[in-house]
Amino acid sequence: MLAFWFEGDRATFREHWFRPDPALDAAIRARFGALVAPAAVGALDPWAATPEGALALCLLLDQFPRNLHRGTPQAFACDPEARAIARAAVLRDRHDPRLTATEHVFLYLPFEHAEDMADQDLSVALFEGLRDDPAHRGPAGTIAYAWRHWHVIRRFGRFPHRNAVLGRASTAAGRAYLARPGAGF
């Protein structure tokens, strides 16, 4: 799974990870789609004993559902499980120092994707920790994106761009925010 996602180079950041790509979505579905449900109910939790296994679980529970279920509530359904795996990997097991800076991004994304201020605080702290890491080769925008997510949750308490998909009512302020160019994620 890691060889597939990182295309054999776990140190290089790829912009296509964050753009809709039907071919990538189809490849994830064909190769790994059947693993998301078992991961969501803890059947693959033993993987979390290693840094690479915890990272693979974070991909399965955070990133892959966003690819597999784009534009549906299921895209976010595994977020609590992803955060639990990431929290244990980062805070209890300290797996992150044994991963590349690019891999850190995917271990930390469950916190950035959270609609909870404490998780957002952890997200920016973790991403800010990469700022002075000479090995960090992610794009300069990685830390800025963490802060953008933090500011949205601070202001709205949730991500307004998820409201329609999740059947939530939008506030006037949320609609005004989404009307701005570049709003949402």
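Everything here concerns the structure above.
What comes next is a walk through the structure. (Residues numbered from 1 in each chain as written. Predicted model: local features only at pLDDT ≥ 70, side-chain atom pairs only at ≥ 80, totals over all residues. Heavy atoms only, no water.)

1. Comments concerning unusual backbone geometry
Among all residues save glycine, negative phi is the norm, and among peptide bonds the norm is trans. Located in the positive-phi region is Glu7, a residue other than glycine, with phi close to 55°. Inspection of the secondary structure assignment puts Glu7 in the loop between α1 (2-5) and α2 (22-40). (Helix = DSSP H or I, 4+ residues; strand = E, 2+ residues; numbered from the N terminus.)

2. Quick notes on the environment of Arg10
Positionally, Arg10 belongs in the loop between α1 and α2. You can call Arg10 partly exposed: its relative accessible area is 28%. Placed 91 residues apart in sequence, Arg10 and Ala101 show a C-alpha to C-alpha distance of 8.8 Å. For Arg10, the contacting residues outside a window of four places in its chain are Leu2, Glu52, Leu99, Thr100, Thr102 and Glu103. (Buried < 20%, exposed > 50% of the residue type's maximum accessible area, 1.4 Å probe, protein only. Contact = heavy atoms within 4.5 Å.)

3. Remarks on the packing of helix α5 (residues 101-112) against helix α6 (residues 117-129)
Packed helix pairs are specified by the crossing angle of their axes together with the interaxial distance, meaning the distance between the axes. In the contact formed by α5 and α6, the axes pass within 7 Å of each other and the chain directions differ by 150°. In terms of orientation, α5 and α6 fall into the roughly antiparallel class. Between α5 and α6 lies a crossing of left-handed hand. Contact residues: Val105, Tyr108, Leu109, Phe111 and Glu112 in α5; Asp119, Gln120, Leu122, Ser123, Leu126 and Phe127 in α6. When grouped by side-chain class, the residues that make up the contact of α5 with α6 number seven nonpolar, two polar and two charged. (Axes fitted to C-alpha atoms, helices over the stretch in contact; angles between N-to-C directions. Parallel < 35°, antiparallel > 145°, perpendicular 65-115°, else oblique. Left-handed = near helix turned anticlockwise from the far one by under 90°. Nonpolar A, V, L, I, M, F, W, Y, C, P; charged D, E, K, R; others polar.)

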